[in-house]
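One letter stands for each residue in the lines below.
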Amino acid sequence: MSRRSSDDAPAVDGPLRPSDHLDKTGDDEPAFSGGQPVLGVVGWLRWGWRQLTSMRTALVLLLLLAIAAIPGSLVPQRSADPNGVTQWRATNPDLYPTFDAFQLFDVYTSVWFSAIYILLFISLIGCVLPRTKHHWKALRARPPRTPARLSRLSDHAETTVAVPDGEDAAGHAAHAVDLAEAQLRSARYRVERYDRNGVASVSAERGYLRETGNLLFHGALVGVLISVGIGGGFTYTGQTVITEGDGFVNSLGLGYTSFNPGRFVDTEELTPYSITLDRFDVTYAPPSGQAGDFEAHVTTRFPGQKAEDQVIEVNHPITMAGDRVYLMGNGYAPTITVRNGAGDVVFSESVPFLPQSPTMTSQGVVKIPDTGGKQLGLVGFFYPTVAQLSSGALTSRYGDLLDPRLTFFVYEGDLGIDDGTPRSVYALDTDGMTEIAGRNAPSPSLELSPGQTVDLPGGRGTVTFEDETRTGAPESVKRYVSLSIHNDSSATWVLVFAVLAMVGLFTALFVPRRRMWVKATPDGDRVRVEYAGLARGEDPAIGVAVAELAKRHGRALDDEPASAPASAANVN
Amino acid sequence: MSFDDISVLLLWTAIAIYTLGFLAFTVDLARRSELAIKAQDAKTQARTLVAAGGGQTIEDIRAEEAAAKVALEAAPSQRGRYLFARLGVVLTTIAFLFHVGADVTRGIAAGRVPWSNNYEFALTGTMLVVMVFLTVLVKYDLRFLGAFINGLIVVLLGGAALAYYVEVVPLSDPLKSVWLVIHVFVASLASAFYALAFALSVVQLLQSRRERIALAAVGTDAAPRTRLPFLRTLPSAEVLESLAYRFAIIGFVLWTFTLIAGAIWANDAWGRYWGFDTKEVWTFVIWVVYAGYIHARATRGWRGTRSAWLSIVGFTAVLFNFTIVNQFFQGLHSYSGLS
Ligand code: HEM
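The structure presented is a predicted model; accordingly, all values stated were derived computationally and were not measured.

What counts and how
Here, residues in each chain are numbered from 1, in the same order as that chain's written sequence. Labels are handed out in written order, letters beginning with A for the chains and numbers beginning with 1 for the ligands. Restriction of local features to residues with pLDDT of at least 70 applies here, the model being predicted, together with a cutoff of 80 or more for giving and counting side-chain atom pairs; totals for whole chains, interfaces and linings are based on all residues. Based on all heavy atoms of the structure, the side-chain values leave hydrogens and waters out of the count. Only DSSP runs of H or I with at least four residues qualify as helices, and only runs of E with at least two residues qualify as strands; both kinds are numbered from the N terminus onward. Note on method: radius of gyration uses C-alpha positions; expected globular size equals 2.2 Å times residues raised to 0.38. Each residue is assigned to one of three classes by its accessible area relative to the maximum for its type, calculated with a 1.4 Å probe on protein chains only: buried under 20%, partly exposed between the two thresholds, exposed over 50%. Contact definition: two residues touch when any of their heavy atoms are within 4.5 Å. In these tables, accessible area is a Shrake-Rupley quantity obtained with a 1.4 Å probe, and a residue counts as shielded only by the protein chains included in the view. All tallies of charge rest on Lys and Arg as positive and Asp and Glu as negative; His and the ends of each chain are not included. Note on charges: their place is set at NZ of Lys, CZ of Arg, CG of Asp or CD of Glu. Take the buried Ala, Val, Leu, Ile, Met, Phe, Trp, Tyr and Cys residues and link them wherever side-chain atoms come within 4.5 Å; each set so joined is a nonpolar core. In this description, buried area is defined as the sum, over both parts, of the accessible area (probe of 1.4 Å) that is lost when the two are combined. The working definition used for a salt bridge is a side-chain nitrogen of Lys or Arg within 4 Å of a carboxyl oxygen of Asp or Glu. Polar contact is defined as a pair of N or O atoms within 3.5 Å, subject to the rule that within protein one atom must be able to donate a hydrogen and the other to accept it, and that residues adjacent in sequence are counted only when both atoms are side-chain atoms. Note that domain bounds follow an automatic or database assignment of domains.

Trainee: How would you summarise the overall build of chain B if you had to cite specific residues and measurements?
Mentor: Scanning chain B from terminus to terminus reveals 9 helices and 0 strands. Reading the helices (α) and strands (β) of chain B from amino to carboxyl end gives α-α-α-α-α-α-α-α-α. Relative to the globule expectation of 20 Å for 339 residues, the C-alpha radius of gyration of chain B, 22 Å, shows essentially globular dimensions. Once the C-alpha set of chain B is aligned to its principal axes, its extents read approximately 80 × 50 × 30 Å. The proportion of buried residues among the 339 residues of chain B is 58%. In chain B, the share of contacts with a sequence separation of at least 24, taken over all contacts with a separation of at least 6, comes to 85%. Per element, the accessible surface of chain B, about 14000 Å² overall, is 69% carbon and sulfur. Of the side-chain charges in chain B, 28 are positive and 22 negative, and the distance between the mean point of each set is 7 Å.

Below, the structure is given as structure tokens:
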């Protein structure tokens with residue numbers, strides 16, 4: 001072996017760690033001499049790199065990362081909760097610009113958050129690469145020479161044994177070490193003999209997996225980050241709303257109410273499958289009427305293939321051409337028919353109403369640009385099981401269709417949709433309109449039960465709340481579902497790396513890495529046998545392991561018929 | 001009487017017995033203090049007789065530490081016969097059985113696993129803390145933590161019973177998943193290990209302060225004073241630290257699993273595996289803090305007191321996540337059952 005022979009210190013050529021790792025002896029401090037920096041540009045760069053890849057920097061960056069992540073849980077985030085941001089802005093108009101300037105609404109994509117994790121990962125890579133190289137070498141190296149004085153190690157045991165008749169002390173020493181070698185090897189140690197001047201010794205090491213696990217863990221973290229980073233570019237998500245009896249086609253122009261593609265997504269290349277909502281089931285648990293067991297029964301179809309019946313449930317998305325289709329929400333879509341004063345049908349559609357409460361009080365909007373006269377806008381409330389509050393206002397007291405009721409405020413004027421400004425279908429901008437029926441109008445709001453028709457004020461026509469059972473439907477009001485469609489092929493990679501990290505972590509934390517030595521020294525007509533162990537990293541059981549080795553080895557020596565050859569040693 | 005009523009009854013019985021256990025363990029600590037003071041006085045007297053000064057020597061300190069380490073690792077039958085500590089263990093065990101009963105009956109009442117709202121998280125989580133504690137007692141004599149653990153349990157469990165109690169309601173759809181069983185259970189188990197690490201880190205800080213004072217007093221005549229003399233019967237700060245670390249890394253591995261399992265569940269329920277939802281943020285923060293703790297333990301200048309603080313910060317974040325975040329922070333994970 002080419003190791004320098006420091007006879008006193010136990011061999012410490014363990015895994016290469018950053019210079020401020022506890023294992024390290026302090027011999028590779030930055031090259032300052034007498035307080036004078038004697039560094040050129042390269043020296044400074046090297047020094048900077050060493051700082052960045054030091055344990056302390058990694059630690060500080062980790063703690064910074066933890067702190068930096070917190071604001072995102074206190075301030076609403078555009079990515080997770082865009083409405084929350086709008087609301088926050090409305091309540092704190094003065095603070096908003098400052099918060100926005102610090103990117104507090106986009107914490108996880110902000111410059112400062114990114115800077116921390118990018119630095120952390122550079123540090124990580126700078127740390128892991130040299131360690132990997134070093135570990136690669138260590139994996140093929142032999143266990144280091146036995147230290148001269150094992151008694152200096154804190155986990156140490158010693159005993160003397162008598163030399164059996166007919167054997168000389170040196171022979172017995174070698175024999176004892178043979179036995180130890182076999183025992184250590186069967187305990188999955190890598191062993192190396194160092195016999196010198198009649199003193200026999202074996203040096204053993206195990207637990208290389210510990211470092212392998214550590215490197216795997218850190219490497220897999222990089223894998224997770226890269227998968228997330230690259231994967232984001234190929235991900236798309238879209239939302240759509242389907243009413244019972246209607247369908248959706250997976251194509252940008254046709255099906256989606258909103259669509260967010262990643263940078264590299266070719267939106268022309270979507271597979272044009274279709275999904276039709278046949279029926280939406282839900283159960284209501286008395287007494288509160290909590291809704292559950294949502295099931296969207298759909299028919300799915302790929303072009304030119306046979307249709308297939310499927311069920312989409314919460315927690316159980318279906319997969320279509322690599323897209324995962326999730327059930328995100330549901331509600332009622334009352335079918336409303338509006339006729340103008342002349343009796344012509346100017347509107348007839350099932351309109352999805354947005355649920356506002358657990359009992360499904362829902363709100364929806366009807367916009368009728370072409371009435372033959374002024375444009376009409378209706379703001380509706382739907383109560384699946386109507387009840388009256390003491391204030392006189394209506395509410396719903398149960399989510400199911402026990403006593404459905406629909407009310408409308410009616411507005412007349414300019415809907416504001418002709419100039420091409422995109423408007424939400426769930427909101428009515430009443431700025432350019434006058435209320436003609438409702439709280440602030442001469443006529444009261446309209447109120448309808450399924451199948452009923454009421455007049456609009458001033459002979460403007462009629463509104464009908466269609467009863468769907470008349471067309472053979474099982475319920476008087478149709479339901480709708482909102483679906484979310486996601487394609488994220490990187491998720492698999494993220495999972496693979498996450499699992500690798502987990503495996504690596506487990507090995508890195510729980511596989512003990514230790515060295516053991518057994519040395520037998522002839523001493524007159526006896527042999528002195530020493531055992532010692534050295535933990536590499538956390539190893540609570542090292543003391544026990546040394547004692548155990550000493551015990552087992554001693555027992556094996558005792559049990560053995562004195563003259564038996566070493567190779568017959570019974571190792572258990 | 002419904003199963004849920006029985007559960008509540010068992011729970012309050014358990015809390016009452018935990019309180020008695022707390023008292024027993026507290027008396028135990030007081031007795032240990034007395035013994036420690038007596039031992040010191042005796043030694044001082046002996047020294048004064050031979051006119052060698054009243055202070056402690058380094059050898060005294062090391063001998064104390066060695067004795068404490070042996071005591072820590074002694075098999076149950078060979079442990080110090082602290083009467084009140086034994087009583088404490090017995091009471092804690094009885095309380096634990098009632099606690100398990102409360103948890104199981106709650107599960108039967110609900111017809112599902114009893115961990116799906118804040119009340120039930122507290123019920124099951126604290127049960128796991130005691131379970132881990134009692135299990136660990138077989139291997140290590142950690143009875144000195146008994147007062148701390150029982151105190152913590154009484155506060156958390158009593159608080160939950162008063163503030164978080166909700167009637168059994170059916171699960172909301174996103175919760176109907178095997179991941180509820182796995183993810184939440186493993187998270188609670190991880191927290192239990194973190195709790196133990198936390199307790200040890202707190203004692204470690206007290207101990208290391210006492211050690212500093214004791215070492216400074218070496219060679220002087222003054223006998224070192226501590227406000228908590230029982231610390232002298234406890235393992236050294238270093239031993240406490242490595243024990244805390246052992247629990248923390250088990251907690252960390254379980255927490256890592258929690259994080260991954262949560263992401264898989266989120267991917268099934270919400271269509272994305274990670275979205276920095278408030279609860280996700282805090283799970284991540286806790287994970288990173290404990291990664292920091294593990295690093296600190298391996299970084300020169302950070303082992304010891306500083307890393308102990310990280311363990312304390314980490315567990316504080318766990319508690320914060322469970323109480324404040326569950327209750328007051330907006331997000332998709334609104335499963336506290338409180339409104
Ligand atoms: C994304 C950031 C990081 C995370 C989450 C992280 C996490 C961890 C964890 C959990 C461990 C304990 C498990 C094991 O031993 O494998 C660990 C250990 C270790 N990490 Fe990191 N780490 C990060 C970055 C770094 C960086 C930048 C360095 C180098 C400067 C580094 C160096 C080490 C070393 C040397 C150990 C072994 C500690 C020991 O001897 O006990 N890590 N890290």
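So, next bit.
Trainee: Give a description of the nonpolar core that names residues and reports values.
Mentor: Nonpolar side chains in soluble globular proteins generally cluster together in the buried interior. Counting 126 residues, the largest nonpolar core has Leu142, Phe144, Leu145, Leu200 and Phe247 of chain B as its most contacted members. Contacts of Leu142 of chain B, omitting those with residues within four sequence positions, involve Leu72, Phe133, Val136, Leu137, Leu200, Leu243 and Phe247 of chain B. Counting residues in hydrophobic clusters, the runner-up holds 51 residues, among them Val314, Val351, Val454 and Leu483 of chain A.

Trainee: Kindly report on the interface of chain B and chain A, identifying the contributing residues and their values.
Mentor: On the side of chain A, 52 residues touch chain B, which itself brings 48 residues to the contact. A buried area of about 4300 Å², summed over both sides, lies between chain B and chain A, and 67% of it is on carbon and sulfur atoms. Of all residues in chain B, the largest losses of buried area upon contact with chain A belong to Asp173, Tyr273 and Arg300 of chain B, amounting jointly to 17% of the total for that side. Run the count over chain B and chain A and you get 4 salt bridges. The closest approach of N and O atoms between Glu538 of chain A and Arg297 of chain B, which form a salt bridge, is 2.3 Å. Where chain B meets chain A, there are 17 residue pairs in polar contact (both at pLDDT 80 or more).

Trainee: Describe the domain arrangement of chain A, and please don't skip the residues or the numbers.
Mentor: You can read the domains of chain A as domain 1 (43-138), domain 2 (143-207 + 512-559), domain 3 (236-328 + 483-487) and domain 4 (335-465). If you average the C-alpha positions of domain 1 of chain A and of domain 3 of chain A, the two centres end up 36 Å apart.

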